[in-house]
Amino acid sequence: MSELKNLLINVPDSYFDFVESLLDEAGKSDKRKQGLIKYLRTNPDATTSDVLDFLVNDLGLYDEYQLKQYSSSIRV
């Protein structure tokens, strides 16, 4: 996680809650962690908005959220 943390800190407009939140999300999935590391290595000028967009759309965070919402709504 230290590599990911360093990459997140070095995002040009990085801030504490951004770093902590993304580390938390990365800790939930190795695929997400590796995806973020690869993205940040290949896009060193990415802003926090770019990284969040990648996390939500390309790494499936929104789809995961939708699935959880759907699953919780059909429980009896």
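Keep in mind it's a predicted model, so treat the numbers as computed, not measured.

## A short note on the overall build of the protein chain
Here comes step 1: Helix and strand counts for the protein chain stand at five helices and zero strands.
Here comes step 2: Put simply, the protein chain runs from its N terminus to its C terminus through helices and strands in the order α-α-α-α-α.
Here comes step 3: A buried classification covers 30% of the 76 residues belonging to the protein chain.
Here comes step 4: Long-range pairs, those at least 24 residues apart, make up 56% of the contacts in the protein chain between residues at least 6 apart in sequence.
Here comes step 5: A total accessible area of about 5200 Å² is found for the protein chain, and carbon and sulfur atoms account for 50% of it.

## A few points about the packing of aromatic side chains
Here comes step 1: Tallying each qualifying case throughout the model produces two aromatic pairs.
Here comes step 2: With a centroid separation of 4.2 Å and an interplanar angle of 15°, the aromatic rings of Tyr 39 and Phe 54 are classed as stacked. Remark: Phe 54 occurs in helix α4 (residues 48-58) and Tyr 39 occurs in helix α3 (residues 30-42); sequence separation between them is 15 residues. This pair shows no difference in class: Tyr 39 is buried, exactly as Phe 54 is.

## Some points on a negative patch on the surface
Here comes step 1: Taken together, the side chains of Asp 13, Asp 50, Asp 53 and Asp 58 define an acidic patch exposed on the protein surface.
Here comes step 2: Tracing the sequence through the fold places Asp 13 in the loop between α1 (2-9) and α2 (16-27).
Here comes step 3: According to the relative accessible area criterion, Asp 13 is partly exposed, its value standing at 35%.

## Thoughts on the confidence of the model for the protein chain
A low pLDDT score tells you not to read the predicted coordinates there in detail.
Here comes step 1: Looking at the protein chain, pLDDT values average 88 and 80% of them are 70 or higher.
Here comes step 2: When the elements of the protein chain are averaged for pLDDT, helix α5 (residues 61-73) gives the smallest value, 63, and α1 the largest, 98.

## Focus on the nonpolar core
Here comes step 1: By size, the foremost hydrophobic cluster in this structure holds 17 residues, and its most contacted members are Leu 4, Leu 8, Phe 18, Leu 22, Leu 36, Leu 40 and Val 51.
Here comes step 2: Every element with two or more residues in this core is listed here: α1, α2, α3 and α4.
Here comes step 3: In terms of residue count, α2 provides more of this core than any other element does, five residues in total.
Here comes step 4: With sequence-adjacent residues up to four places away left out, Leu 40 is seen in contact with Leu 4, Leu 7, Leu 8, Val 11 and Val 51.

About the cut-offs
- Residues numbered from 1 in each chain as written.
- Predicted model: local features only at pLDDT ≥ 70, side-chain atom pairs only at ≥ 80, totals over all residues.
- Heavy atoms only, no water.
- Helix = DSSP H or I, 4+ residues; strand = E, 2+ residues; numbered from the N terminus.
- Buried < 20%, exposed > 50% of the residue type's maximum accessible area, 1.4 Å probe, protein only.
- Contact = heavy atoms within 4.5 Å.
- Areas by Shrake-Rupley, 256 points an atom, 1.4 Å probe, with all protein chains shown as cover.
- Phe/Tyr/Trp six-rings, centres within 6.5 Å; stacked < 30°, edge-to-face > 60°.
- Patch = residues over 30% accessible without salt bridge, like charges linked within 9 Å, V, L, I, M, F, W, Y side chains within 5 Å.
- Salt bridge = Lys/Arg side-chain N within 4 Å of Asp/Glu carboxyl O.
- Lys, Arg positive; Asp, Glu negative; His and termini not counted.
- Charge placed at Lys NZ, Arg CZ, Asp CG, Glu CD.
- pLDDT = per-residue confidence, 0-100.
- Core = buried A, V, L, I, M, F, W, Y, C linked by side-chain atoms within 4.5 Å.

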